[in-house]
Amino acid sequence: MTERRIPVDVDPDSGCRLPLPRRDTLDPAAREVFDDLDAPSGRSLVGLNGPGGIRLHSPRLAVLTRPLNRYLRWETALPDRIRELAILATARAQDSQFEWVQHEAAALEAGLSAETIDVVRHRRPVDGLDETEAVVVALGREIFETKRVHPDTYARARALFGPRDLVDLVSLMGLYAATAALLAAFDMQLRPGQKPTLPLP
């Protein structure tokens, strides 16, 4: 097997087109974000080698988005497996290999089945999924691919989640779509030893 080559404009330490952020250049509020990302016990899946490290190049942005990320990822009433399914549906719609690979393992750990993950990965019909999973996948596909949510899909989603949780669910998808844009613009590479598991065109 041939080893994957890092593009010439990618920093080998950060794995993207920007260098790793330097703590000594940050103000106190941004240093807190840096320390949270850099802590081994932190909740970030990738620490500074990912979207959090990229955002620290705009320190104010990093400070403002960290609480939103924390809320949408960990503090909503949505079950873990549904949050991870929403992130995977977004990653698939954005063809974000980095986002997908990090969250596939997290989704399995959260209790999402390999069969459900494969439905999203290969863009298969959602007929065999339970109603909640089918609605989340359909919602993600319609938001990002057809750019219009069908009234029936909306009605099913509202009945399942209610207004508050549905707003949180869609906002989570929007956050990860924005993250996918960052990862694409700065060409974030998979971490050493990781293999791509999302089939891309």
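Here, every reference points to the structure presented above.
A brief structural summary.

Each value, and the rule that gives it
Residues numbered from 1 in each chain as written. Predicted model: local features only at pLDDT ≥ 70, side-chain atom pairs only at ≥ 80, totals over all residues. Heavy atoms only, no water. Helix = DSSP H or I, 4+ residues; strand = E, 2+ residues; numbered from the N terminus. Polar contact = N/O pair within 3.5 Å; in protein donor to acceptor, adjacent residues only side chain to side chain. Core = buried A, V, L, I, M, F, W, Y, C linked by side-chain atoms within 4.5 Å. Buried < 20%, exposed > 50% of the residue type's maximum accessible area, 1.4 Å probe, protein only. Contact = heavy atoms within 4.5 Å. 1 Å grid on protein atoms, 1.4 Å probe; cavity = no way out; pocket = protein on both sides within 12 Å on 5 of 7 lines; lining within 4 Å. Points joined across faces, edges and corners; volume = space filled by probe spheres on them. Nonpolar A, V, L, I, M, F, W, Y, C, P; charged D, E, K, R; others polar. Axes fitted to C-alpha atoms, helices over the stretch in contact; angles between N-to-C directions. Parallel < 35°, antiparallel > 145°, perpendicular 65-115°, else oblique. Left-handed = near helix turned anticlockwise from the far one by under 90°. Arc of directions from axis to C-beta.

1. What about the side chain of Thr65?
Along the polypeptide, Thr65 turns up in helix 3 (residues 59-75). A polar contact of 2.9 Å, which involves the side chain of Thr65, links it to the backbone oxygen of Leu61.

2. Thoughts on the nonpolar core
In terms of nonpolar packing, the biggest core is built from 42 residues, with Trp100, Val136, Phe161 and Leu169 touching the most fellow members. At the level of secondary structure, the elements contributing two or more residues to this core comprise helix 4 (80-94), helix 5 (97-109), helix 6 (114-121), helix 7 (131-146) and helix 8 (151-185). When residues in this core are grouped by element, the largest group, eleven residues, is from helix 8. With residues near it in sequence (within four places) discarded, Phe161 still touches Leu78, Ile82, Thr132, Val136, Leu166 and Leu169. Counting eight residues, the second largest nonpolar core, distinct from the first, contains Ala30, Val33, Phe34 and Ala62.

3. Description of the layout of surface pockets
There is about 360 Å³ of room inside the second largest pocket. As for the second largest pocket, its lining consists of 22 residues, of which Ser44, Leu45, Asn69, Arg73 and Tyr176 are closest to the centre. Of all the secondary structure elements, the ones that give two or more residues to the lining of the second largest pocket are helix 1 (28-38), helix 2 (51-55), helix 3, helix 5 and helix 8. In terms of residues, the lining of the second largest pocket owes the most to one element, helix 3, which gives five residues. By residue class, the composition of the lining of the second largest pocket is eight nonpolar, seven polar and seven charged.

4. Re empty space enclosed by the protein
Scanning all chains against the criterion turns up three cavities of 30 Å³ or more. The set of elements that each furnish at least two residues to the lining of the largest cavity consists of helix 1, helix 2 and helix 3. Among the elements that make up the lining of the largest cavity, the one with the highest residue count is helix 3 (four residues). A breakdown of the residues in the lining of the largest cavity according to their chemical character gives three nonpolar, three polar and two charged.

5. What to know about the environment of Leu160
Looking at the secondary structure, you find Leu160 in helix 8. Separated by 77 residues in the primary sequence, Leu160 and Arg83 have C-alpha atoms spaced 14 Å apart. Non-local contacts of Leu160, meaning those with residues more than four positions away in its chain, are made with Glu131, Thr132 and Val135.

6. Some points on the packing of helix 4 against helix 6
Packing of helix 4 against helix 6 brings their axes to within 9 Å, and their N-to-C directions diverge by 25°. Classed by the angle they form, the pair helix 4 and helix 6 counts as roughly parallel. Note that helix 4 runs across helix 6; the crossing there is right-handed. Between helix 4 and helix 6, the contacting residues are Leu85, Leu88, Ala89 and Arg92 on the first element and Thr116, Ile117, Val120 and Arg121 on the second. Considered class by class, the residues forming the contact of helix 4 with helix 6 number five nonpolar, one polar and two charged.

7. Considering the side chain of Thr179
With respect to the element layout, Thr179 can be found in helix 8. Among residues more than four places away in sequence, those in contact with Thr179 are Pro51, Arg55 and Glu99.

8. Section: helix 1
All buried positions along helix 1 are accounted for by Ala30, Val33, Phe34 and Leu37. Down the axis of helix 1, the sector holding all buried residues measures 100°, keeping them to one side. Turned more than 90 degrees from where helix 1 packs its buried face, Pro28 and Glu32 sit exposed. Taken together, the buried residues of helix 1 touch helix 2 and helix 3.

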